[in-house]
Amino acid sequence: MMVPMTTRLAFGVTAGPGLGCWPVPSGGPPVPGAPVALGPAGAAPAAVRAATGRLDRLVRQGGEVAAGAGVDLGGGFHSARLAGAHGDRRDAVLAALRCLGADGAHRLGDRTAVLVALFGEQVTKRVGAAAHRAVTDGRWAAVQLASAASDLLGPEQLERVLDLRAPEDVDPFPRGAASTVAGHLSRVLAAYPKPRRLKLVLDLWDHVCGLLLDRQRRARLVASQVRTERLDELRERHREHFDAKIVQHLTWDLSGQPVTLANAARWQPPKWWTASELEHLLHDAIAATALLRFARTTSDEGFAVAVDRHRAELVAADACLTERSRTAATHRPDGAYNHPARPGAYVHRIVLETGPDRTVNARTEGRVRTYTAMARNYGVVVFEAVERFLDRLFQPLHHPGEGDPGRSPQLAGWRREVGYPRAPQSWEQPPLADTREEAPTAPLAQRLAGADPADVELPHDLLWFADLADALAPFHGGDSATVRHEHPHPTVTYDDAPAKPGHTSLPLAVAEVAQLVMFGAVPPPRCGSWAELVTGVTSSAVIAEADTGVFPIPPGVSAVDGSTVAGLTVELGREPRQLAEWSGYMGNCIGESWYADQARKGHCVLMALRAPDGRIAANLDVRRHTAGWHVHELRARFNDTVADELEQQVRKWVEHLPAPRPPEPEPVVPVPPVRVRGGSARRSAAGNLPAELVRALTAAVERELAGKPVVTARRAYAELARGLGRPGPADFEPDAAVVALKRVDDHVDLVRAALADGLAATTLWQATRVRPLAAAVHRLDQELRDHERLHALTGGAPLPRTLRALVRRPEIAPAHALDVVARSVRAAMGELLGDAALARSVARRPSTELVCALAIATTCSESTKDTVVVAGPRKTTVPGFPPSDLADPQGPWQQALPAAADLGAPVDLFWSKIAEHGLLIPAAVLGKGGWPALWARLHR
């Protein structure tokens, strides 16, 4: 089935006459962004089948995005995509190039055009050569990053990026669109000079590669350990061995009496028994810590390095158990778990196997790895045993005999070999209570006083317990344990390391920071590394203030938090920082302040759907509907579409949510007067502007917003915002449409599509004339209007802090949004100066100001291609009726100069261009009858 050629293609591609396009055979009916084969309209069926077959193979190998690169399909056919595709041409070329490889790159057409699509118009031969080397080597991550950073870096800097090499088995750019990363990088790095940008991009690469290597290291470490299925058996073995001594002592004390529950309840263990149990657990903890440290080094750096580095500390740990203790721990009762009850038994075997008098070979290494594979399980079991001991410790410890029984020679020997992973000067935990008068009560940090910590530390300090948890933490995804000093003993956690999904790739690392910048955080002016940049952004005061904003959620919907749908757990978005965290993992725009604004106003409810492993499977934007709720947006990671089955289940679930009540109107916040020190002047909270000025401006803005032009403009913007919907048109309320458009970075494609779909350029132009905030400023008395900062509100320059606070006020923010959108849309129309869609729309329904502004902008541009001379060089009189003069201050041409400047035209060159080639206008704007007929139509 041939698709009618009235259908637009993606990335601004225009099909000439005599061409047709066909979808892939199994693609079903064409949808926006669908891949098609573009070729001669009268092609034979066999040629069409061959081309669509090659297109189908291309799509299967490189995805639909690859079709947008214009790949040669043979027989005069090329691949393309219908309008509505995400991303830009660079994404398509990258996907196709990865599919075709260096040998098939010729199928993309002209080499220079391909390089320009990837790296911009400033690309050089050296950049092309570097890109060819990267493609040949298969270093796709470097190519994608260079393409994404090409808007920010010069050619020589791009060569540096293209020469990057990732470590073996590491892919820092596995997924994500280069166009999306380009936008995120621009947000984060645009304010820095180019040398600093390059440094940060290179450090970003190293940062992500380092994190991925760390992830691989952690995965290898976990894989080196036996699984936890039989952990309960080791717990039981250790507990029974630990309890065996007290049961034996009970039996001895009963002197032949039966060991009954009643007799056991009446029996009291010796006062020193608790201290002996603490010593037993200390020895187990030292042995488990030694095993864990040895196992980690073995996994990270190899067996030989581990033996050399940890030999001395293994010997020190081995000294904790006597030969008799090891024999008892190794003895296995019938049916018991086959591993020893205490980790010290395996420490002893490792010491024997790796002794200086032994030959260490592959068989030796295999046996030792069998012992170290139990390190994690031993660590967990001993850690839990220490926790149980501390939880039931209600009496002070008691030590019999003379001397200083609180000391532990084994602990001191261990410390002299291992040292202190945690600084003893920071250990503020009070020691366990002891009955001895000389027993210390102050924390270890306060008892050191310059002494050797190994001579001062006691088992009562429990610093060794934290060391065990620190050694366990890497086996559970963390760097160290979390310790909270409490009385009577600390709370220690080794498995609460936060997941960092945003760090798994370059796109996600950039997205995490860019979303915070979009939310209002400011990159630090000076930073030498990507880590410093991240720290500066996340510590921004704006982000800290955002934590206070809580979204209103209707009670009926609030109740679904934590429920499940389609096997996924629902998590409601309740505050802005939560959205930023979601966005950092998902790589989407849900962290933008527009979503937060909509949620804060109660216009939507945002959700994350989490898989059983805790990762976010999809984000959901739910909006009010006439009869309840409907799904406004449902997107997977990287804005991918979710599976059809999941989408159907979610939509059905949303439709059955409790119907919402209409939202309450937002209250108008009055301007609070603030008393100023040293005088009676009153100033508003909005940036210390005079309260009189704020009140007058607020009143003027309210009058402007109540006018009919604002209503008309909002309706036009609602039509324009329909193009924001993906894949179908969006249905915005007029005021919400303005906010949505304000958050869009680039309006060019949006305006082009709207004009092609029938939105009149004149309608859009009239909407952009409505600037309520600028009009309100001009309404003020001259005395107020002369305030030194107020003029910034009428232009597009960045606002000072005082005015940023002012335009966030709920009474003024809608007017500011309309002004911003008006300027942005006009700038987009200026970029479409030579575009056929704009020219056709203007020709159908022209307006005087728009036509004059287009003519001035065309005259001031560098190119004179496809233009018509309206007035000759050095002529000021413009032909046509009624007559007009370019130099008349009250005439249409001089009046249109500010509008032409809004289009981005360098109007200061107007008269020099008139002298050079006269007044020009795009030829496509002129219909039958040329300029005289168009000018006459404008004045009927």
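Nothing here was measured: the structure is a model prediction, and the numbers come from that model.

### Thoughts on the overall build of the protein
Of the regular secondary structure elements, the protein holds 42 helices and 17 strands. When burial is assessed residue by residue, the protein has 49% of its 940 residues classed as buried. For the protein, the proportion of contacts with a sequence separation of at least 24, taken over those separated by at least 6, is 69%. As displayed, the protein has an accessible area near 44900 Å², and 52% of this comes from carbon and sulfur atoms.

### Some remarks on the packing of helix H8 (residues 194–223) against helix H22 (residues 530–538)
Their axes nearest at 8 Å, the elements H8 and H22 cross at an angle of 95°. One way to sum up the angle between H8 and H22 is to call them roughly perpendicular. Between H8 and H22, the contacting residues are Leu200, Asp203, Leu204 and His207 on the first element and Trp530, Ala531 and Leu533 on the second. The residue inventory of the contact of H8 with H22, partitioned by class, reads 5 nonpolar, 1 polar and 1 charged.

### Some words on the pattern of salt bridges
Side-chain pairs of opposite charge can arise whenever the charged atoms involved come near each other. Tallying each qualifying case throughout the model produces 45 salt bridges. For Arg217, the salt bridge identified is with Asp300, shortest N-O distance 3.3 Å. A residue pair is termed long-range when its members are at least 10 positions apart, and Arg217 in helix H8 and Asp300 in helix H11 (residues 273–301) qualify at 83 residues. For Arg217, a relative accessible area of 14% puts it in the buried group.

### Re the sheet that holds strand S9 (residues 604–610)
The strand order S7-S8-S9-S10-S11 describes an open sheet built from 5 strands, whose pairing is antiparallel. Unpaired on one side and paired on the other, strand S7 (564–565) and strand S11 (628–635) mark the two borders of the sheet. Where S7 and strand S8 (residues 568–572) come together, 2 bridges link them in antiparallel fashion. In the sheet register, Thr564 faces S8, and the bridge partner there is Thr569. Its contacts with the sheet put helix H27 (residues 644–655) on S7, S8, S9, strand S10 (616–625) and S11, and the angle it makes with S11 is roughly 150°.

### Things to note about the packing of aromatic side chains
A ring pair, where both rings are aromatic, is described by two values, the distance of the centres and the angle of the planes. By the definition in use, this model includes 12 aromatic pairs. Measuring from ring centre to ring centre gives 4.9 Å for Tyr346 and Tyr371, while their planes differ by 25°; the resulting arrangement is stacked. Highlighted residues: Tyr346 in helix H14 (residues 344–353) and Tyr371 in helix H15 (residues 362–372), separated in sequence by 25 residues. A relative accessible area of 10% means that Tyr371 is categorised as buried. Ring plane angle 25° and centroid distance 5.2 Å describe the contact between Trp931 and Trp935, whose orientation is recorded as stacked.

### Comments concerning empty space enclosed by the protein
Under the counting rule described, the total for this entry stands at 1 cavity of 30 Å³ or more. There is about 30 Å³ of room inside the largest cavity. Taken together, Ser408, Leu411, Ala412, Arg415, Tyr420, Ala454 and Glu457 make up the full set of residues lining the largest cavity. A per-element tally of the lining of the largest cavity places helix H17 (residues 409–418) first, with 3 residues. Counted by class, the lining of the largest cavity contains 4 nonpolar, 1 polar and 2 charged residues.

### Focus on the environment of Pro333
When you line up the elements, Pro333 lands in the loop between helix H13 (323–330) and H14. The class for Pro333 is partly exposed, based on a relative accessible area of 42%. Along the backbone, Pro333 and Arg237 are 96 residues apart, and their C-alpha atoms lie at a distance of 9.6 Å.

### Comments concerning the confidence of the model for the protein
Confidence in the prediction of the protein, expressed as mean pLDDT, is 84, and 90% of residues score 70 or more. A low-confidence stretch, residues 541–548 (pLDDT under 50), is modelled with 13 contacts involving residues beyond four sequence positions or located in other chains. In this model, residues 663–687 is a region of pLDDT below 50 whose contacts with residues beyond four sequence positions or in other chains number 37 contacts.

Calculation criteria
- Residues numbered from 1 in each chain as written.
- Predicted model: local features only at pLDDT ≥ 70, side-chain atom pairs only at ≥ 80, totals over all residues.
- Heavy atoms only, no water.
- Helix = DSSP H or I, 4+ residues; strand = E, 2+ residues; numbered from the N terminus.
- Buried < 20%, exposed > 50% of the residue type's maximum accessible area, 1.4 Å probe, protein only.
- Contact = heavy atoms within 4.5 Å.
- Areas by Shrake-Rupley, 256 points an atom, 1.4 Å probe, with all protein chains shown as cover.
- Axes fitted to C-alpha atoms, helices over the stretch in contact; angles between N-to-C directions.
- Parallel < 35°, antiparallel > 145°, perpendicular 65-115°, else oblique.
- Nonpolar A, V, L, I, M, F, W, Y, C, P; charged D, E, K, R; others polar.
- Salt bridge = Lys/Arg side-chain N within 4 Å of Asp/Glu carboxyl O.
- Pairing = 2+ DSSP bridges.
- Phe/Tyr/Trp six-rings, centres within 6.5 Å; stacked < 30°, edge-to-face > 60°.
- 1 Å grid on protein atoms, 1.4 Å probe; cavity = no way out; pocket = protein on both sides within 12 Å on 5 of 7 lines; lining within 4 Å.
- Points joined across faces, edges and corners; volume = space filled by probe spheres on them.
- pLDDT = per-residue confidence, 0-100.

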